Amino acid sequence: MQKQASVESTAEAYLELLAARGVDYLFANAGTDFAPLIEAYARRGAQGLARPRPMTVPHEVVAVAMAHGYAMVTGRPQAVMVHVIVGTANALGGIMNASRANVPMLMTAGRNPITESGAHGSRDRQIHWAQESFDQGAIVREFVKWDYELRTLSHLETVVDRALAIAQAEPQGPVYLTLPREVLAERMETFEYSDPARAPRPGALAPDAATVAEAARLLASARNPIVITKALGRDPKAVASLVTLAEKLAVPVFEHAHTHMNFPQDHPLHGGFDPTSKLADVDVILVVEADAPWYPNLQAPRPEAAIIQIGVDPLYSRYPIRGFHGDVALAGAPRLALALLAEAAAPLADAATVSERRQRWEAEHARQREARAKRTRAVAADTPIDMAWVSRCLADRMDERTIVVNEYDFDVSQGAFRRPGSYFAAPSSGGLGWGLGAALGAKLAAPDDTVICCVGDGAYIFGSPTAAHFVSRAYDAPVLFVVFNNRMWNAVKRAVQTHAREGWAVKTGIMPLTELDPAPDYELVCRASGGHAERVDDPAEMPAALDRALHAVRVEKRQALLNVICKKP
Ligand SMILES: Cc1ncc(C[n+]2csc(CCOP(=O)(O)OP(=O)(O)O)c2C)c(N)n1
C-alpha cells in the first residue's frame, strides 16, 4: 500500500519511515550535524506525529549497547545516531560487539556538511573542515555488513529499507548509514512510501536432506556424542529444538563460554559449562552456534572424532581464521537444522546405547550440581565476599520474569536459567563497556521484567556509568546493577598467571597494570542519579541487601546498585 505523509524535510521523512518500519527508538548522541533532525523531531512532537522515541544517551558506548540490548531481547533492530567521525570512533567497540554477536542494528552518523557554502546546511562552524574524512564508512567497514551514505531525498526509502533488510538477514549484524546535513535539511512537502516495506526479506533457510542424513548417520552411530553450544539461544525458538534432540538421543549439552540461554540449566542432560575434560573420550561433537568450541592449543578432541557444525554461517566467514573441522556442516536456521537432525537420527539410534548414555549423563549432571552447591556453602561466609556467593544469592532471587545481563563476574553455574531469553553475556569480541547499556536496552524491551546487570568493577567503569545512570533515571528504566568489585582487572591478571606460571610476576606478586585500587565508592555514582545504592562488605548482608535493591527496582521503580566488595583471587 502507498502512504503519503506531509513533511517539511528529508529528516522528517526519515523519522516517518523509521517509525513505519517498526523502529521504536533512536539512541542518539548529538552534535551540530543533528540540527535538521532535531528540527524535524520538534515538528513531529508538536503535531503528535509518529517517530522513534528520541533518547539522549550521553556516551556512545551506552547508546550502541542499548540498541544491542533491545535487539537481543526483541529481535528487532533499532537506530543509533552519533556525531560524525568522532562519535563513530567512540561507538566502534560497540559496533564490533554487535557484529560478532550477530545483532541487527541501524547504526547511523551525521556526515559533516559537504559544501562550503551555497546550500541549506552548508558549513558554518570551525569543526566542519576538520571533521571531514576521506571515507567515513571505512572507520567501521570491517565490522558492518553494509555501509552507505544517504545522497538524496529521492533515495530515502530504498536506502533505509535496504539497510534494515540487510541488518536482519542472517547472519544478522549492524549496518552503517551516514546522513549528510544538507540532505537531511532538504525541503520536502509530501513523502510517499510503501507500507509495509517492499525490500526482499529472505526467510529462514533449512539444510538439504542429503546433508541432514549424513549428519544423522554420524550422530546415531556415535557411542559417546556431546553437543557444545554458545549462542543458539539468539533464536529463542531454537532452544526447544535442541531439547528435543538431546532427549531423543540422550546427548549431553555443554554450554561453553555461552552468551545466551541455550538449554535449560536444570535439565538432567545439561552437561555443564566446560567440555574440556570430555574431549578425549567423545566420538562425535555437535557444535551448535559456537565460534570457538574448544581451544586446540590446550585440549583438542581425538583426531578421529567426527565434528558436525550447525549454524547460520558454520564457516564464520567474517573471521579471518577459524580452523575447527566440520565433517558435516548444516547451514541455515539452527532451529530447523536441529529439528530435521533429531527426526532423522532418532530412528537410527540403538536404544540400549541411548539408555546407557542417559543414565550416565544424568548421574554426571547430579554430581555437578551437588559439587557446585557444596562449593557455595564452603565460601558463603568468606570475607571479602566470594563471587560464587554473590551469584548464588542473586540466583535465589530470580523468577520467570528476570533477565540477567552479565559482563564478566556473575558465576552462571550458580544460576538456574530455563527460560530462553533470560540470560545474556558479553560478546566474545570483548569490547568492554557493553553491560550497562545492554541492560538498559533490555529493560526498555521488556519493561515488566526485572533486569539485573552484573558487571566487574572494570566493566562498570568502561560502561560509562554516569551516562548509564542518567539514562536509567531520565527514561524510567530501572535496572539493578551489581558491581562485583575485586578492585582489579582479574582477567588481565589471570592472563599473566597462565602466560608465565612460574614467571617474575607470579613469584614476586608484582603485577602493574592490573589493579583498580583505591576503588571509588561506586554507589555514589548511582545515587547521583537518584538510585538506591549500597556498599556490601558482609556476606551475611548479601541476601537482605539484594532484597532492598530489588524492592527499589520492582516496587519503587528506580534504579539500584550494589557495590559488592569481593575477594581478590
Ligand atoms: C575496550 C576494552 N579494553 C580492554 C579490554 C581488556 N580487558 C579484558 S577483561 C578486562 C578486565 C575486566 O575487569 P573487571 O570487569 O573488573 O572483571 P575481572 O576481570 O576483575 O573479573 C580488561 C581490561 C577489553 N576487553 N576491552
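Just above sits the structure.
What comes next is a walk through the structure. Since we're looking at a predicted model, the values are computed, not measured.

1. A look at the overall build of the protein
Okay, step 1: Across its full length, the protein carries 19 helices and 20 strands.
Okay, step 2: Taking 569 residues into account, the globule formula puts the C-alpha radius of gyration at 25 Å, and the protein, at 25 Å, falls close to it.
Okay, step 3: Burial status across the protein gives 57% buried among its 569 residues.
Okay, step 4: The long-range fraction of contacts in the protein, counting pairs at least 24 apart against all pairs at least 6 apart in sequence, stands at 75%.

2. Section: empty space enclosed by the protein
Okay, step 1: Within this structure, the stated rule accounts for 5 cavities of 30 Å³ or more.
Okay, step 2: The calculated volume of the largest cavity comes to roughly 160 Å³.
Okay, step 3: If you go around the largest cavity, you meet 14 residues; those closest to its centre are Arg 100, Ala 101, Lys 230, Ala 231 and Thr 259.
Okay, step 4: By volume, the second largest cavity amounts to about 60 Å³.

3. Side note on the site of the ligand
Okay, step 1: Neighbouring the ligand are 15 residues; Asp 409, Gly 430, Gly 458, Ala 459 and Ala 491 lie closest to it.
Okay, step 2: Between a nitrogen atom of the ligand and a main-chain N or O atom of Leu 432, the distance comes to 3.3 Å.
Okay, step 3: Here Asn 490 contributes a backbone N or O atom positioned 2.8 Å from an oxygen atom of the ligand.
Okay, step 4: Burial of the ligand by the protein amounts to 77% of the accessible area it has alone, namely 590 Å².
Okay, step 5: A total of 4 residues in the shell around the ligand trace back to one element, the largest contributor, which is helix H14 (residues 457–462).
Okay, step 6: Residues that form the shell around the ligand fall into these classes: 8 nonpolar, 5 polar and 2 charged.

4. Regarding the sheet that holds strand S9 (residues 225–229)
Okay, step 1: Pairing in this open sheet of 6 strands is parallel, and the strands run S11-S10-S9-S12-S13-S14 from one edge to the other. Of all the strands in the sheet, the pair left with one neighbour each is strand S11 (270–272) and strand S14 (328–331). This sheet shows a mean twist of 25° between the axes of neighbouring strands, independent of strand direction.
Okay, step 2: In this structure, S9 lies alongside strand S12 (residues 284–288), joined through 5 bridges in parallel fashion. Within the sheet, the bridge partner assigned to Ile 226 lies in S12 and is Ile 285.
Okay, step 3: Across the sheet, helix H8 (residues 209–220) touches S9, S12, strand S13 (306–311) and S14, and the angle it forms with S14 is around 130°.
Okay, step 4: Sheet strands touched by helix H10 (residues 334–345): S12, S13 and S14. Its angle to S13, the strand with the most contacts, is close to 135°.

5. Looking at the packing of helix H12 (residues 387–396) against helix H19 (residues 542–554)
Okay, step 1: The interhelical angle for the contact between H12 and H19, taken along N-to-C directions, is 45°, at an axis separation of 10 Å. For the element pair H12 / H19, the angle class is oblique. Seen along the crossing, H12 lies across H19 with a hand that is right-handed. When H12 is examined against H19, the residues Trp 389, Val 390, Cys 393 and Leu 394 are found in contact with a partner set consisting of Met 542, Pro 543 and Leu 546.
Okay, step 2: Among the residues forming the contact of H12 with H19, the class breakdown is 7 nonpolar, no polar and no charged.

6. Description of the pattern of salt bridges
Okay, step 1: Per the counting criterion, the structure on display carries 40 salt bridges.
Okay, step 2: Between Arg 141 and Asp 147 there is a salt bridge, with the nearest N and O atoms lying 2.8 Å from each other.
Okay, step 3: One network of salt bridges, in which partners are shared, links Lys 3, Arg 21, Glu 157, Asp 161 and Asp 195.

7. Some points on the layout of surface pockets
Okay, step 1: Roughly 830 Å³ of internal volume is contained in the second largest pocket.
Okay, step 2: Along the walls of the second largest pocket sit 35 residues, with Gln 168, Glu 170, Gln 172, Arg 234 and Asp 235 positioned nearest its centre.
Okay, step 3: Of all the secondary structure elements, the ones that give two or more residues to the lining of the second largest pocket are helix H3 (60–74), helix H6 (156–168) and H10.
Okay, step 4: The leading source of residues in the lining of the second largest pocket is H3, at 4 residues.
Okay, step 5: Of the residues in the lining of the second largest pocket, the class split is 18 nonpolar, 10 polar and 7 charged.

8. Details of the packing of aromatic side chains
Okay, step 1: Inspection of the entire model under this criterion finds 11 aromatic pairs.
Okay, step 2: For the pair Tyr 25 and Tyr 70, a centre-to-centre distance of 5.3 Å together with 70° between the ring planes defines the contact as edge-to-face. Here the residue Tyr 25 occupies a position in strand S2 (residues 25–28), and Tyr 70 occupies one in helix H3, the gap between them amounting to 45 residues. Residues Tyr 25 and Tyr 70 agree in their burial class; the two are buried.
Okay, step 3: Every member of this aromatic cluster is reached through a ring pair, and the members are Tyr 25, Phe 27 and Tyr 70.
Okay, step 4: The lysine or arginine in question, Arg 123, covers the ring of Trp 129, its NZ or CZ lying 5.3 Å from the ring centre.

9. With respect to helix H13 (residues 435–445)
Okay, step 1: With 11 of 11 residues buried, H13 is to be regarded as a mostly interior element.
Okay, step 2: For H13, every residue scored as buried is listed here: Gly 435, Leu 436, Gly 437, Ala 438, Ala 439, Leu 440, Gly 441, Ala 442, Lys 443, Leu 444 and Ala 445.

10. Thoughts on the sheet that holds strand S19 (residues 532–536)
Okay, step 1: Read across the sheet, 6 strands follow the order S16-S15-S17-S18-S20-S19 without closing on themselves; strand pairing throughout is parallel. At either end of the open sheet lies a strand with only one pairing partner, and these are strand S16 (423–425) and S19. Across the sheet, the axes of successive neighbouring strands diverge by a mean angle of 15°, strand direction being ignored.
Okay, step 2: As judged from the 3 bridges shared by strand S15 (residues 402–407) and S16, these two strands associate in the parallel manner. Bridging from a neighbouring strand, Asn 406 pairs with Ala 425 of S16.
Okay, step 3: Of the strands in this sheet, strand S17 (450–456), strand S18 (480–485) and strand S20 (560–565) touch H12, which is tilted by about 165° from S18.

11. With respect to the nonpolar core
In globular proteins that are soluble, nonpolar side chains generally tend to be buried together.
Okay, step 1: Core analysis: the biggest nonpolar cluster contains 79 residues, and Leu 245, Leu 286, Leu 394, Phe 410 and Met 542 have the highest contact counts within it.
Okay, step 2: The residues touching Leu 394, leaving out its near neighbours within four places in the chain, are Phe 410, Ile 452, Cys 454, Val 482, Phe 484 and Leu 546.
Okay, step 3: With 56 residues, the next largest nonpolar core counts Val 144, Trp 434, Ala 438 and Leu 444 among its residues.

Thresholds, definitions, all that
- Residues numbered from 1 in each chain as written.
- Predicted model: local features only at pLDDT ≥ 70, side-chain atom pairs only at ≥ 80, totals over all residues.
- Heavy atoms only, no water.
- Helix = DSSP H or I, 4+ residues; strand = E, 2+ residues; numbered from the N terminus.
- Rg over C-alpha atoms; globule rule 2.2 N^0.38 Å.
- Buried < 20%, exposed > 50% of the residue type's maximum accessible area, 1.4 Å probe, protein only.
- Contact = heavy atoms within 4.5 Å.
- 1 Å grid on protein atoms, 1.4 Å probe; cavity = no way out; pocket = protein on both sides within 12 Å on 5 of 7 lines; lining within 4 Å.
- Points joined across faces, edges and corners; volume = space filled by probe spheres on them.
- Near = heavy atom within 4 Å.
- Polar contact = N/O pair within 3.5 Å; in protein donor to acceptor, adjacent residues only side chain to side chain.
- Areas by Shrake-Rupley, 256 points an atom, 1.4 Å probe, with all protein chains shown as cover.
- Nonpolar A, V, L, I, M, F, W, Y, C, P; charged D, E, K, R; others polar.
- Pairing = 2+ DSSP bridges.
- Axes fitted to C-alpha atoms, helices over the stretch in contact; angles between N-to-C directions.
- Parallel < 35°, antiparallel > 145°, perpendicular 65-115°, else oblique.
- Left-handed = near helix turned anticlockwise from the far one by under 90°.
- Salt bridge = Lys/Arg side-chain N within 4 Å of Asp/Glu carboxyl O.
- Phe/Tyr/Trp six-rings, centres within 6.5 Å; stacked < 30°, edge-to-face > 60°.
- Lys NZ or Arg CZ within 6 Å of the ring centre and 35° of its normal.
- Core = buried A, V, L, I, M, F, W, Y, C linked by side-chain atoms within 4.5 Å.

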